[in-house]
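# Chains, contacts and geometry: an overview
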Amino acid sequence: MVDYLIGIDGGGSGTRAAVQRVHGETVGTGTAGPSALGQGVEQAWDNIQAAVRQAFEGAQLPIPTWKRCALAAGLSGVSHAPWREAFLAADPGLARLEVETDSFTMLMGAHGGQPGVIVIAGTGSIAEALRADGSRATVGGWGFRVDDEGSGGWLGLQAVRHGLAAFDGRANASPLARRVWMHCGDERESLQAWCQRSGQFEFAQLARAVFECEATDPVAARLLQQATGALEDLALAIDARGRLPLAVAGSIGERLAPRMRPALRSRLVPAKAGAAEGALMLARRLLVHTEEAL
């Protein structure tokens, strides 16, 4: 018998668990380290279990066996089939288990499981839609360096490119270029070393500098204008007729949403809940559908 529903929001920086009793009473939430599948399936399961334990301990409840729980997880990296299959194969014995993309569980939470669109721009960027007929769509999200336009990683990459050009004398040594040198190094060797060892997360840390330099640096202002346009393109590509409510999420997306063109701003709605709550909705649906099949 299933007594508890668990929703997991797992990414490269942390894991959040939301727990409910089957009859709807909230147990609580817990957090732990990263559970992005690209960082390892074993680590993902370790941190999911740690977040779930924290939720029960915070509620001063005994930790149940997995066979009494239905769990749905929205995880970064789940679209890579081998990682997804390895994650499912490592099931610790749950009564029910489902895994989805973290962007889809964020979409579910934002619109309460109803049709809608979400544009997410944090470290990366992507757009997801759930249509009235139940069909789904995804735009963007192809990954760092080749896509993720309008994200923190993309902004940081453009900032570094400007910093390198300014170091060479191919561009003006603007305030943004100087911030890049302060962060990454002010000699050719140190700049090269930083670029070689850094990934999407490290580049995304420079997004803050772009915002902070906007008022004094035309290069920074232009990058933010381009980033806003990229997020507008995601929203228009996934719902060209503008029939669905639009939510914008992520640290970069939330800052750029007020800059969008009026036609898109008029469709903006606040997110009703987060990705862990969206996963919780999926866990409840999974349980209901399984019982109906029986």
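The structure reproduced in this document is the subject of the present report. (Residues numbered from 1 in each chain as written. Predicted model: local features only at pLDDT ≥ 70, side-chain atom pairs only at ≥ 80, totals over all residues. Heavy atoms only, no water.)

### Focus on the pairing of strand β8 (residues 136-140)
Selection criterion: Only when DSSP finds a minimum of two bridges between them are two strands counted as paired. Helix numbers and strand numbers start at the N terminus; a helix is a DSSP run of H or I with at least 4 residues, a strand a run of E with at least 2.
Here five bridges tie strand β7 (residues 125-130) to β8, and the two strands are oriented antiparallel to one another. Residue L130 lies in a different strand from β8, and its bridge partner there is R136. With antiparallel pairing between neighbouring strands as the criterion, β7 and β8 make up a hairpin whose turn holds five residues, including G134 at a positive phi of roughly 90 degrees.

### Description of the packing of aromatic side chains
Let me state the cut-off plainly: Here the aromatic set is Phe, Tyr and Trp, taking the six-membered ring for Trp, and pairing holds for ring centres within 6.5 Å; pairs whose planes are under 30 degrees apart are stacked, those over 60 apart are edge-to-face, and all others are tilted. Summary of the burial criterion: residues with accessible area below 20% of their type's maximum are buried, those above 50% are exposed, and those between are partly exposed, where the area comes from a 1.4 Å probe applied to protein chains only. Put simply, a charge is over a ring when the Lys NZ or the Arg CZ is close to the ring centre, within 6 Å, and near the line of the ring normal, within 35 degrees.
In the structure shown here, the tally under the stated rule is five aromatic pairs. A ring pair is formed by F144 and F203, whose centres lie 5.4 Å apart and whose planes are at 50 degrees; its orientation type is tilted. With F144 in the loop between β8 and α4 (152-168) and F203 in helix α7 (residues 200-204), this pair connects stretches of sequence that are 59 residues apart. Accessibility classification places F144 together with F203 in one group, the buried group. Ring geometry for W194 versus F203: centroids 4.9 Å apart, planes at 70 degrees, classification edge-to-face. Judged by relative accessible area, W194 falls into the buried class, the value being 6%. Taken together, F144, W194 and F203 form an aromatic cluster joined through their ring pairs. Sitting over the ring of F104, R136 keeps its end group 3.6 Å from the ring centre. The positively charged end of R255 is found above the aromatic ring belonging to F211, 3.8 Å away from the centroid.

### Brief notes about helix α1 (residues 41-58)
What counts is decided by this rule: The span expected for a helix works out to 1.5 Å for each residue beyond the first. The contact definition used throughout considers only heavy atoms, calling two residues in contact when any of these lie within 4.5 Å.
When the terminal C-alpha atoms of α1 are compared, their 26 Å separation across 18 residues agrees well with the 26 Å that a helix rising 1.5 Å per residue should span. Every buried residue of α1 is accounted for by V41, A44, W45, N47, I48, A51, V52, A55 and F56. In this structure, the buried side of α1 is in contact with β1 (4-10), β2 (15-21), β3 (26-32), β4 (69-75), α2 (81-89) and β5 (96-101). Just downstream of α1, Q60 is the residue with a positive phi angle, here 55 degrees.

### Remarks on the nonpolar core
The tendency in soluble globular proteins is for nonpolar side chains to be buried as a group. The test is simple: Each nonpolar core is a collection of buried residues, namely Ala, Val, Leu, Ile, Met, Phe, Trp, Tyr and Cys, held together in the definition by side-chain atoms within 4.5 Å.
By size, the foremost hydrophobic cluster in this structure holds 45 residues, and its most contacted members are V119, L155, V160, L176 and V210. Per-element tally for this core: the top contributor is helix α9 (residues 218-238), with nine residues. If near-sequence neighbours (up to four positions away) are discounted, V160 is found in contact with V180, C184, W194, C195, F203 and L206.

### Things to note about the environment of V146
Here V146 is to be found in the loop between β8 and α4. Note on V146: relative accessible area 67%, which makes it exposed. It is 31 Å that separates the C-alpha atoms of V146 and G113, two residues lying 33 residues apart in sequence.

### Description of unusual backbone geometry
Glycine aside, a negative phi is what most residues show, and trans is what most peptide bonds show. Despite not being glycine, Q60 has its phi angle at roughly 55 degrees, a positive value. Among the structural elements, Q60 can be located in the loop between α1 and β4. Its identity is not glycine, yet D148 carries a phi of approximately 55 degrees, on the positive side. Summarising the element assignment, D148 is placed in the loop between β8 and α4. Among the residues examined, D148 registers a relative accessible area of 6% and is labelled buried.

### A word on the pattern of salt bridges
Here is the rule: By definition, a salt bridge exists where a carboxyl oxygen of Asp or Glu is found within 4 Å of a side-chain nitrogen of Lys or Arg.
Applying the stated rule across the entire model yields nine salt bridges. Here R261 makes a salt bridge to E232, at a shortest N to O gap of 3.1 Å. On the criterion of sequence distance, the pair formed by R261 in the loop between α10 (251-256) and α11 (262-265) and E232 in helix α9 is long-range, its members being 29 residues apart. By relative accessible area, R261 is classed as partly exposed at 38%. Among the charged side chains, a network of salt bridges with common partners joins D168, R170 and R188.

### A few points about helix α3 (residues 102-110)
The element α3 is largely enclosed, with a buried count of seven among its nine residues. Considered for burial, the residues of α3 that qualify are S103, F104, T105, L107, M108, G109 and A110. Looking one or two residues past α3, G112 carries a phi angle of roughly 60 degrees, positive in sign.

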